[in-house]
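Take a look at the letters that make up each chain.
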Amino acid sequence: MKYTVITGASSGIGYEAALAFAARGKNIILAARRTDELDKLKAKVAEINPALDVVIRTVDLSIAANVHEFYESLQAYSIETWINNAGFGNFASVGEQHLPKIEQMLHLNIEALTILSSLYVRDYADVDGTQIINISSGGGYTIVADAVTYCATKFYVSAFTEGLAQELKGKNAAMQAKVLAPAATETEFAKHSFNVDEFEYEGRVPKFHTAEQMAGFLLELYDSESVVGIVDGLTYDFELREP
Ligand code: NDP
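What counts and what doesn't
- Residues numbered from 1 in each chain as written.
- Predicted model: local features only at pLDDT ≥ 70, side-chain atom pairs only at ≥ 80, totals over all residues.
- Buried ≥ 20, exposed ≤ 12 C-beta atoms within 10 Å, placed from the backbone.
- Helix = DSSP H or I, 4+ residues; strand = E, 2+ residues; numbered from the N terminus.
- Pairing = 2+ DSSP bridges.
- Right-handed = clockwise from strand over helix to strand, strands pointing away.
- Expected span 1.5 Å × (residues − 1).
- Arc of directions from axis to C-beta.
- Near = placed C-beta within 6 Å.
- Nonpolar A, V, L, I, M, F, W, Y, C, P; charged D, E, K, R; others polar.
- Axes fitted to C-alpha atoms, helices over the stretch in contact; angles between N-to-C directions.

Novice: Looking at this structure, how should I read the pairing of strand β5 (residues 131–135)?
Specialist: Taken residue by residue, a regular strand's side chains alternate between the two faces of the sheet. With four of five residues buried, β5 is to be regarded as a mostly interior element. Pairing between strand β4 (residues 78–84) and β5: four bridges, direction parallel. Residue Thr81 lies in a different strand from β5, and its bridge partner there is Gln131. In the classification by handedness, the crossover that spans β4, the intervening helix α4 (residues 99–124) and the parallel β5 is right-handed. Sheet topology note: the β5/strand β6 (residues 176–181) ladder contains five bridges and is parallel. What sits directly across from Ile132, in β6, is Ala177.

Shown next, in the form of structure tokens:
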């Protein structure tokens, strides 16, 4: 039996991605801190397809020891797709950042994603049909003032994943690495990250996508041979491209 791992599945894009992969008949491993939300999602998946296996892992991925433990806890499963979606933003100008939140963001957006990607590639790079998809952001391709540190973490995600894709292709590995860059999306993210009413992108207030739409783009990227999927923050066009 094969599985798709989705981190940050208890809300937003990860939640909708889990439903979208379940609708494709994929068994899923869901990870986040809130067990109650993961349990509700598991019940919803069972409504879609009771034959699917759904595994839950409650984990705080901003703590490196937990990240290793989480990965080790999945040794019994055969994982065909790994989606590093869990992410956090704290938008403020550099001198005014809330440092404990910034540290949490660095641990989650960079450290956990790097450790999990490295372990998954180590174990599965030669397995046919495997994919690793990392969730970056439009901010991982264009720096937004007053969200500089968040954008820098997402530039890291984009660079790391595009580089990984090149490396895997260079080695003729069986695995594909891909990066999705969502634009502003109506999720809990805004509550943690910025004041929606004041948020501007290139001098304009963006309209928000739904998480369901973003999960649709994720599936489009999953189905394609492209490495990068970028949602335009103003036109909301979705573009698939090579790095
Ligand atoms: P949400 O806040 O709705 O979802 C974030 C998910 O990550 C939740 O399931 C949350 O679950 C989980 N998470 C947060 N912190 C941790 C942690 N320490 N350990 C484990 N899991 C954690 O936001 P989105 O769905 O919007 O975000 C998903 C991804 O999309 C993120 O990487 C974000 O950066 C990116 N993105 C979002 C955009 C937007 O406008 N919404 C735009 C561009 C990119 P729990 O709290 O239960 O742990």
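Picking up where we left off.
Novice: Sorry if this is basic, but what is going on with helix α7 (residues 211–223) here?
Specialist: An α-helical turn contains 3.6 residues, so any two residues separated by three or four positions project in the same direction. Over its 13 residues, α7 runs 18 Å from end to end, which matches the ideal 18 Å to within 8%, given 1.5 Å per residue. By the burial criterion, the buried members of α7 are Ala211, Met214, Ala215, Phe217, Leu218, Leu221 and Tyr222. When α7 is viewed along its axis, its buried side chains cluster within an angular range of 155 degrees and face the same direction.

Novice: Just to check I follow, could you spell out the site of the ligand for this structure?
Specialist: For the ligand, the set of nearby residues contains 31 residues, the closest of which are Gly8, Gly12, Arg33, Gly87 and Phe189. Looking at which element gives the most residues to the shell around the ligand, the answer is helix α1 (residues 12–23), with three residues. Across the shell around the ligand, the residue classes break down as 13 nonpolar, 13 polar and five charged.

Novice: So what exactly am I meant to see when it comes to the sheet that holds β4 here?
Specialist: Adjacent strands of a sheet form backbone hydrogen bonds with each other and so pair up, either parallel or antiparallel. Strands sit in the order β3-β2-β1-β4-β5-β6-β9-β10 across an open sheet of eight strands; the sheet is mixed. Each having just a single partner strand, β3 (54–58) and β10 (238–241) make up the two edges of the open sheet. The average angle at which neighbouring strand axes cross in this sheet is 15 degrees, direction not considered. Summarising the sheet, strand β1 (residues 2–7) and β4 pair through five bridges and their orientation is parallel.

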